[in-house]
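Remarks on the overall topology
Below are the chains, spelled out letter by letter.
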Amino acid sequence: MMLRVIFFLIVCSPCVLYAQNNFNNLSSFLELVEKNSLSIQSANLNILQAKQGKLAAILSVPDISGNINATLNDNITLPVTIVPAIAFGGPANETRQLRFGTNYQSGFTQNIDIKIVNLSGYKNIKLANLNIQISETDALLNKKNLFDNIATTYYNILQLQIQSQYTQNNLKIADSLLTLTQSKYQEGIAKQQDINDAQINVLNLQENISQLKFLINQQFSALKTLADLPDSFQITISESIDLNPSASSYSPVTNLLPVYNLKLKEDYAAQNLEFVNRTFLPTLSIVANNAYNTYNESFSFFGGSVINSNYIGLKLNWLIPSSTQIANKVNAKYNVMIAKKSREQALIKANNDATILKNDLDKALSQLKYQNQVLNLQNETYFKNLNLYQEGIQSLVNVLNIFNNKVNAEYNTINSQVAVALALAKIEINNKFSNYAK
């Protein structure tokens, strides 16, 4: 019985681990994404496919071709051959119609063609090597974009969770404010309108909590979709936001990975143009043929006299350029120019992106400093006016307005805190992937 229990726990434990995971930072979640993401796995398959393509490129140099075939023919009516009648003692200006061969003929033929000069085939190997590098950098760029999108969604969830926590605390304050107003009403120093306003304030906060739950669930679904996780996978995010972040060590570098990727594509376009040009050149092949034929009077593959013929030699093949080849050459020429412009554009964008990341961080830090000051002043204003309301000097309407201002200031501060965390995360992702650029 004990062995069964142990076996059950061993079998089910991976399911339990897979069913629920708690993450206290973005990096730990991204580690999970790297293991589970189907898009990352597909990119890795593309790399393997490109590496297999190199083998095909190597084989395309000799471009070995050939076939083996066997035939068995029933010559129902033998073909007619016209020969001069003089060969049979007839007049010089006459011919005779003769039929040669047997009723049945079988054959077995082997031939092979091996290119020994194939200039376009050698260029295929260079194209295959570049294709591998392009696949690898494409995979890295896709991963970076995925990580950026996940970071945005991850911190959206964190922002909503913190807002929900603050809203629940504010709901308790609103409940106590309602209780205070009801006491004043019983004492005859508050109106029914005050009770209604205090109740509406409570209802608004309750509905805010409900809406935040819906938004959090929506963002979790989006996060699971980005990470290719099933809906049954339970995610808990428990990261603590740094209220006073230090950004001195976070300096975005120019990420040249997109530039390197487009430089590879520019090189590929240039090599492809050379490949297309070489398709206009002739190829030289070694060719060989070996054939066995039998001629029978009965319908049989075997039997009769076997006649063998064979040859070996060289074949020069020079194709007349077709309209498709000419069009390919023109397209390849313009693809080189387009690829060069794309690389130049990517370099400008890479420098600007680093500046934008730094600007986003500075903006978020400035906004956080401002919102912290506003929040402190709103809290001070609220508690002073609350005391005045308790003393009967201030009206409830003003207290509720000031309370809502305090709530909005809290939301704005949370947004600023999360904006700083997101800006730092994107700089970290940017710097990480910049290391892959060569």
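The secondary structure content of the chain amounts to 8 helices and 8 strands. Based on the C-alpha atoms only, the size of the chain along its principal axes is roughly 150 × 65 × 45 Å. Per-residue burial for the chain yields a buried fraction of 35% across its 438 residues. For the chain, the share of sequence-separated contacts (at least 6 apart) that also reach a separation of at least 24 residues comes to 83%. Looking at the chain as shown, the accessible area adds up to about 26,000 Å², and 56% of this sits on carbon and sulfur atoms. Distance between charge centres in the chain, computed from 34 positive and 30 negative side chains, equals 8 Å.

Here the structure, examined in full by the defined rule, presents 12 salt bridges. The partner of Lys115 in a salt bridge is Asp63, with the nearest N and O atoms 3.0 Å apart. With a gap of 52 residues between them, Lys115 in strand 5 (residues 104–117) and Asp63 in the loop between helix 3 (38–59) and strand 2 (65–74) connect regions that are remote in the sequence. The partly exposed category is assigned to Asp63, whose relative accessible area is 35%. For the salt bridge of Lys265 with Asp138, the shortest nitrogen-to-oxygen distance reads 3.5 Å. Here Lys265, found in helix 6 (residues 257–278), pairs with Asp138, found in helix 4 (residues 119–186); they are 127 residues apart in sequence, far enough to count as distant.

Turning our eyes to something else, we now look at the pairing of strand 7 (residues 283–296). Note that strand 5 and strand 7 share 13 bridges and pair antiparallel. Bridge pairing in strand 7 places Ile112 opposite Ala288. Bridge analysis of strand 7 against strand 8 (residues 305–317) gives 13 bridges, and the strand direction is antiparallel. Following the sheet pairing, Thr294 is matched in strand 8 by Val306.

Let's shift gears to the nonpolar core. The biggest cluster of nonpolar side chains holds 56 residues, and the ones touching the most others in it are Leu26, Phe29, Val33, Ile150, Tyr155, Ile235 and Ile237. Breaking this core down by element, the ones donating at least two residues are helix 2 (26–36), helix 4, helix 5 (192–227), strand 6 (234–237), helix 7 (323–390) and helix 8 (396–434). The leading source of residues in this core is helix 4, at 16 residues. Excluding residues that lie within four positions of it along the chain, Tyr155 makes contacts with Leu26, Glu239, Ile241, Val418, Ala421, Leu422 and Ala425. Residues Leu357, Leu361, Leu424 and Ile427 belong to the second largest nonpolar core, which totals 8 residues.

A word on the confidence of the model for the chain. Model confidence for the chain is summarised by a mean pLDDT of 88, while 92% of its residues fall at 70 or above. Here helix 1 (residues 2–19) stands out as the least confident element of the chain, with mean pLDDT 41; helix 5 is the most confident, with 96. Counted against residues more than four places away or in other chains, residues 1–19, with its pLDDT under 50, gives 6 contacts.

Counted under the stated rule, the structure contains 6 aromatic pairs. Centre to centre, the rings of Phe23 and Phe29 are 5.1 Å apart; their planes meet at 90 degrees, and the pair counts as edge-to-face. Residue Phe23 is classed as buried on the basis of its relative accessible area of 6%. Overall, Phe29 belongs to the buried group, its relative accessible area being 0%. Note on Tyr382 and Phe383: the rings are 5.3 Å apart at their centroids and 65 degrees apart in plane angle, and the pair reads as edge-to-face. Residue classification places Tyr382 among the buried residues on the basis of a relative accessible area of 1%. Aromatic rings pair up to connect Phe23, Phe29, Tyr154 and Tyr155 into one cluster. The aromatic ring of Phe280 is capped on one face by Lys329, whose charged end is 5.5 Å from the ring centroid.

Attention now goes to a nonpolar patch on the surface. Where nonpolar side chains cluster on the molecular surface, the patch consists of Ile64, Ile112, Ile114, Ile116, Val117, Leu119, Tyr122, Leu281, Ile286, Ile312 and Leu314 and spans about 960 Å² of accessible area. Considering the arrangement of structural elements, one finds Val117 in strand 5.

Its relative accessible area of 18% is what places Lys115 among the buried residues. At 3.0 Å, the side chain of Lys115 and the side chain of Asp63 are in polar contact.

A few words now on the environment of Ser366. With respect to the helices, strands and loops of the structure, Ser366 is situated in helix 7. Residue Ser366 is classed as partly exposed on the basis of its relative accessible area of 48%. Considering only alpha carbons, one finds Ser366 and Asn405, 39 residues apart in sequence, at a separation of 20 Å.

Spatially, 4 strands are ordered 2-5-7-8 in an open sheet, and the strand pairing comes out antiparallel. Taken across any chain shown, the strands that pair with only one partner, and hence form the sheet edges, are strand 2 and strand 8. Across this sheet, the average inter-strand angle for adjacent strands is 10 degrees, counted without regard to direction.

Reading guide: rules and limits
- Residues numbered from 1 in each chain as written.
- Predicted model: local features only at pLDDT ≥ 70, side-chain atom pairs only at ≥ 80, totals over all residues.
- Heavy atoms only, no water.
- Helix = DSSP H or I, 4+ residues; strand = E, 2+ residues; numbered from the N terminus.
- Buried < 20%, exposed > 50% of the residue type's maximum accessible area, 1.4 Å probe, protein only.
- Contact = heavy atoms within 4.5 Å.
- Areas by Shrake-Rupley, 256 points an atom, 1.4 Å probe, with all protein chains shown as cover.
- Lys, Arg positive; Asp, Glu negative; His and termini not counted.
- Charge placed at Lys NZ, Arg CZ, Asp CG, Glu CD.
- Salt bridge = Lys/Arg side-chain N within 4 Å of Asp/Glu carboxyl O.
- Pairing = 2+ DSSP bridges.
- Core = buried A, V, L, I, M, F, W, Y, C linked by side-chain atoms within 4.5 Å.
- pLDDT = per-residue confidence, 0-100.
- Phe/Tyr/Trp six-rings, centres within 6.5 Å; stacked < 30°, edge-to-face > 60°.
- Lys NZ or Arg CZ within 6 Å of the ring centre and 35° of its normal.
- Patch = residues over 30% accessible without salt bridge, like charges linked within 9 Å, V, L, I, M, F, W, Y side chains within 5 Å.
- Polar contact = N/O pair within 3.5 Å; in protein donor to acceptor, adjacent residues only side chain to side chain.
- Axes fitted to C-alpha atoms, helices over the stretch in contact; angles between N-to-C directions.

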